[in-house]
Amino acid sequence: MMLRDVLSGLANLAVLVFAVTSMLSVGFAHSAREILSPLRDVSKLLRALLANFVLVPLLGLAIVRVWPLERPLAAGLVLVAMAAGAPFLIKLTALAKAEVALSATLLVLLLPLTVLYAPIVVPRVLPEADVSAVALAVPLVLTMLLPLAVGLLVHARWPALARRSTPVVRHASTVALVVLVAGTTLANIPTIIELFTTGAIVAPVLLIVGAFVIGFLLGGKDRNAREVLGLGTAQRNISAATVMATQGFTDNDTLVMVIAASLAGFALLFPAAAVLRRSESAPANPNG
């Protein structure tokens, strides 16, 4: 039990380091105009909102109705479906060789709205939930939005420092991601085995795959936009879902499902990003 506690603590620290360094790296490498200008495209903005705050939550509710899950596990899946905007999108987008600045734009849009949306909608869908907007907002602001703002400020005021710092924070985010995946997996091996043996793991897999399809289809004609919205819609905000699961629910199985969705996201989306990267770099067929 002590080893599990150590691994869980290490994974929690890795989440913090990964979130901060990922957002810093985006701020160091891009200007505020690059991040904010895509928000002027009302059509893309509305499609992103439709995908993340309407269609994916509806998909989550449909899955828990069709797939047999105990109530606490179903609640965990619904929390994941309703939490949008995760810093892992930055790494996924870079791996897919899509537009990282656009993924940062999507995060700037989704993170604050998740803070406003979840405390209002979750208690209506899950009456047993006790979700605090403040408890949800503080960690998201401190670990994601604030580092992004600091990075953008350094980029604007001290560009040379930003250029030198970018490789360092990117390397730190990669190391933190490896520690996070390893720590989370090792700390929750019994849980993972139980979810596989009971078939409950199918539910988060369906949610992630379905969310990717929803985002990809709503991305429009632009390849970058399709890939970023597909990955960004599929990668749910596990940090926000974890806050809601730990503070709003007494049954630990709700948190277990959030963890399962996190691991399923790692297992599915990083290979998907690699496939997108290969298809991007594949030469065109001269006879096609």
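The structure presented is a predicted model; accordingly, all values stated were derived computationally and were not measured.

### A few points about the layout of surface pockets
Part 1 of the reasoning: In this model, the largest pocket occupies a volume close to 760 Å³.
Part 2 of the reasoning: Residue lining of the largest pocket: 32 residues in total, with Asn12, Val15, Thr242, Leu255 and Ile259 positioned closest to the centre.
Part 3 of the reasoning: For the lining of the largest pocket, the secondary-structure elements that each account for two or more residues are α1 (2-29), α7 (133-157), α8 (159-187), α12 (238-248) and α13 (252-281).
Part 4 of the reasoning: When residues of the lining of the largest pocket are assigned to their parent elements, the largest contribution, eight residues, is made by α1.
Part 5 of the reasoning: Classifying every residue of the lining of the largest pocket by side-chain character gives 19 nonpolar, eleven polar and two charged.
Part 6 of the reasoning: By volume, the second largest pocket amounts to about 180 Å³.
Part 7 of the reasoning: Taken together, 13 residues line the second largest pocket, and the ones lying closest to its centre are Phe196, Ile201, Leu263, Ala264 and Ala267.
Part 8 of the reasoning: Elements that contribute at least two residues to the lining of the second largest pocket include exactly α8, α9 (189-198) and α13.

### Here we look at the nonpolar core
Part 1 of the reasoning: Leu69, Leu77, Leu79, Val122, Leu126 and Leu231 are the most contacted members of the largest nonpolar core, which has 90 residues in total.
Part 2 of the reasoning: Sequence-distant contacts of leucine 126, defined by excluding residues within four places in its chain, comprise Arg71, Ala75, Val78, Leu79 and Phe249.
Part 3 of the reasoning: In this structure, Leu24, Phe28, Ala162 and Val169 belong to the second largest nonpolar core, which totals five residues.

### A look at the UniProt feature "transmembrane region" (unreviewed entry) in the protein chain
Part 1 of the reasoning: On the UniProt side, "transmembrane region" (unreviewed entry) is annotated at positions that read residues 6-28, 49-67, 73-90, 102-122, 134-156, 168-189, 195-218 and 254-276 here.
Part 2 of the reasoning: As a span, residues 6-28 carries 100% helix and 0% strand, and end to end its C-alpha atoms are 32 Å apart.

### Some words on the packing of aromatic side chains
Part 1 of the reasoning: Within this structure, the stated rule accounts for three aromatic pairs.
Part 2 of the reasoning: Look at phenylalanine 212 and phenylalanine 216: their rings are 5.7 Å apart centre to centre, the planes differ by 25 degrees, and that puts the pair in the stacked class. Of this pair, phenylalanine 212 and phenylalanine 216 both sit in helix α10 (residues 202-218), four residues apart, roughly one helical turn.
Part 3 of the reasoning: On the numbers, 6.2 Å between centres and 35 degrees between planes, the contact of phenylalanine 266 with phenylalanine 270 is tilted.

### Some points on the packing of helix α3 (residues 42-66) against helix α6 (residues 100-125)
Part 1 of the reasoning: Where α3 contacts α6, the two axes come as close as 11 Å, and the packing angle between them is 35 degrees. Relative to α6, α3 is oriented so that their crossing is right-handed. When α3 is examined against α6, the residues Leu45, Ala48, Leu49, Asn52, Phe53, Pro57 and Leu61 are found in contact with a partner set consisting of Leu106, Leu109, Leu110, Leu113, Thr114, Tyr117 and Val125.

### Brief notes about empty space enclosed by the protein
Part 1 of the reasoning: For the structure shown, the criterion picks out two cavities of 30 Å³ or more.
Part 2 of the reasoning: The computed volume of the largest cavity comes to approximately 200 Å³.
Part 3 of the reasoning: Along the wall of the largest cavity there are 15 residues; nearest its centre are Lys44, Leu45, Ala48, Leu102 and Leu106.
Part 4 of the reasoning: Among the elements of the structure, α3, α6 and α11 (223-234) are those that each provide at least two residues to the lining of the largest cavity.

Parameters at a glance
Residues numbered from 1 in each chain as written. Predicted model: local features only at pLDDT ≥ 70, side-chain atom pairs only at ≥ 80, totals over all residues. Heavy atoms only, no water. 1 Å grid on protein atoms, 1.4 Å probe; cavity = no way out; pocket = protein on both sides within 12 Å on 5 of 7 lines; lining within 4 Å. Points joined across faces, edges and corners; volume = space filled by probe spheres on them. Helix = DSSP H or I, 4+ residues; strand = E, 2+ residues; numbered from the N terminus. Nonpolar A, V, L, I, M, F, W, Y, C, P; charged D, E, K, R; others polar. Core = buried A, V, L, I, M, F, W, Y, C linked by side-chain atoms within 4.5 Å. Buried < 20%, exposed > 50% of the residue type's maximum accessible area, 1.4 Å probe, protein only. Contact = heavy atoms within 4.5 Å. UniProt positions renumbered as here; feature names shortened; annotations may be inferred. Phe/Tyr/Trp six-rings, centres within 6.5 Å; stacked < 30°, edge-to-face > 60°. Axes fitted to C-alpha atoms, helices over the stretch in contact; angles between N-to-C directions. Left-handed = near helix turned anticlockwise from the far one by under 90°.

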